[in-house]
Amino acid sequence: MSIATHLSAIRRNLPPTVELVAVSKYHPEADLREAYAQGQRDFGENIAQELHRKAQNLPPDIRWHFIGHLQTNKVRLIAPHVSLIHSVDSIHLLQAINNSALNLGKTQDCLLQIHIAREQTKFGLTPSDCLSLLDGSEWRNLTSVRIRGLMCIATNTSDTEQLTAEFNQMQTLFNTIQTRHFPSTSSFNLRSWGMSDDYPLAIECGSNMVRIGTAIFGPRPRQ
Ligand SMILES: *Cc1c(COP(=O)(O)O)cnc(C)c1O
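None of these values were measured; they are calculated from a predicted model.

Scanning the protein chain for helices and strands turns up nine helices and eight strands. Its C-alpha atoms give the protein chain a radius of gyration of 17 Å, within 12% of the compact-globule value 17 Å for 223 residues. In terms of principal-axis extent, the alpha carbons of the protein chain reach across some 50 × 45 × 30 Å. In the protein chain, buried positions account for 54% of the 223 residues. Restricting the contact set of the protein chain to residue pairs at least 6 apart, pairs at least 24 apart contribute 59%. Accessible area of the protein chain: about 10,400 Å², with a carbon and sulfur share of 48%. The positive charge centre, built from 21 side chains, and the negative charge centre, built from 20, are 6 Å apart in the protein chain.

Turning next to the pairing of strand β3 (residues 63-66). By the bridge criterion, four bridges tie strand β2 (residues 42-45) to β3 in an arrangement that is parallel. Its bridge partner lying in β3, D42 is registered against R63. Across three bridges, the pairing between β3 and strand β4 (residues 82-88) is parallel. By the bridge assignment for β4, H65 is matched with L84.

On to the side chain of H181. Mapped onto the secondary structure, H181 falls in helix α7 (residues 160-181). Classification of H181 by relative accessible area gives buried; the value is 5%. At 2.8 Å, the side chain of H181 and the side chain of D135 are in polar contact. Aside from chain neighbours lying at most four places away, what touches H181 is L131, L134, D135, W139 and R140.

What follows deals with the side chain of R191. Here R191 is to be found in strand β7 (residues 190-192). Buried charge without a partner: R191 forms no salt bridge, and the closest opposite charge is E19, 9.9 Å away. Residues in contact with R191, not counting those within four places in the same chain, are L150, Q171, F174, G206, S207, N208 and M209.

On to the site of the ligand. Contacts to the ligand come from V23, K25, I67, M151, I153, M195, S196, R211, I212, G213, T214 and R220. Within the contact set of the ligand, an oxygen atom lies 2.8 Å away from a backbone nitrogen or oxygen of G213. Bound to the protein, the ligand loses 91% of the 390 Å² it would expose on its own. Here the residues of the shell around the ligand sort into six nonpolar, three polar and three charged.

Turning our attention to the packing of helix α2 (residues 29-37) against helix α3 (residues 48-57). In the contact formed by α2 and α3, the axes pass within 11 Å of each other and the chain directions differ by 55°. The angle between the axes of α2 and α3 places the two elements in the oblique class. Note on packing geometry: the crossing formed by α2 with α3 is right-handed. Here α2 contributes E29, L32 and R33 to the contact with α3, which in turn contributes R53, K54 and N57. In terms of residue class, the contact of α2 with α3 is made up of one nonpolar, one polar and four charged.

Reading the values: the criteria
Residues numbered from 1 in each chain as written. Predicted model: local features only at pLDDT ≥ 70, side-chain atom pairs only at ≥ 80, totals over all residues. Heavy atoms only, no water. Helix = DSSP H or I, 4+ residues; strand = E, 2+ residues; numbered from the N terminus. Rg over C-alpha atoms; globule rule 2.2 N^0.38 Å. Buried < 20%, exposed > 50% of the residue type's maximum accessible area, 1.4 Å probe, protein only. Contact = heavy atoms within 4.5 Å. Areas by Shrake-Rupley, 256 points an atom, 1.4 Å probe, with all protein chains shown as cover. Lys, Arg positive; Asp, Glu negative; His and termini not counted. Charge placed at Lys NZ, Arg CZ, Asp CG, Glu CD. Pairing = 2+ DSSP bridges. Polar contact = N/O pair within 3.5 Å; in protein donor to acceptor, adjacent residues only side chain to side chain. Salt bridge = Lys/Arg side-chain N within 4 Å of Asp/Glu carboxyl O. Near = heavy atom within 4 Å. Nonpolar A, V, L, I, M, F, W, Y, C, P; charged D, E, K, R; others polar. Axes fitted to C-alpha atoms, helices over the stretch in contact; angles between N-to-C directions. Parallel < 35°, antiparallel > 145°, perpendicular 65-115°, else oblique. Left-handed = near helix turned anticlockwise from the far one by under 90°.

Below you can see the structure in the form of C-alpha cells.
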C-alpha cells in the first residue's frame, strides 16, 4: 500500500479535534512530498540537521515539528524552521530556545516532554520535576517562548492497562498544570501523545496531537 493510502485511512479514523503529525524521520524527501500532495502539512523530525535540510528543500508552508532529544547547541539550526518543539526537558533548553527565538523575532511554541514510561532510557521531565519547573519563576521571563502543552512517549508495550495508566497520568498532569499555571491562557491546549502502535488508545485518553511514522511511511530505512 502507498503512503497516500495509509495516510487517508488514518485520517478517516481520527476525530476532527486531533492533529496528525506525520513522523518522517529518516525517510527520503520524496516520501514527504507524497504525503504533502495528499494535503499533509505537519511533519515530525528528530534530528536537527535532517530537519534543517528537509526544511530548505521542501515547500515553505510545511509546519515542522521537532520531536527528538534537543541539545542546546542545535537549537539555532532548527529555530528558523520549526513550528513546534515537542521535547523541552529543562529550563536551560527553554532559555536557549528563547534566545534563538528572540534573535529571529519569533515566538517559539514548545511542549514540555514528560518521562512517563517505565523504560529508563527515555528523555523528559518527571511529573514532579515538571511541576517544580513551572512553580519556579524563570520560565515566566522567557517571553519569546510559549508553552503550549505536554508531550510523552509511552512505554513500548502491548499491555493496554499499562498504556492507559500512563496516558491517564498525562491527562491528570495536564489538567493540574492548566489549572495551576495557565488558568487564563487558552493556548496551553496541546496533548501530544500516541504513536503508530498506541494512538487509538492515546486519543481515548485525551490526546489531541498524535505523532505517527511507521503506520504512514512504513518501516524506517535506518535508525
Ligand atoms: C519516531 C517517533 C514517533 C513515531 O513512531 P512510530 O512508531 O513510527 O509511529 C513518534 N514520536 C517520537 C518522539 C518519535 O521519536
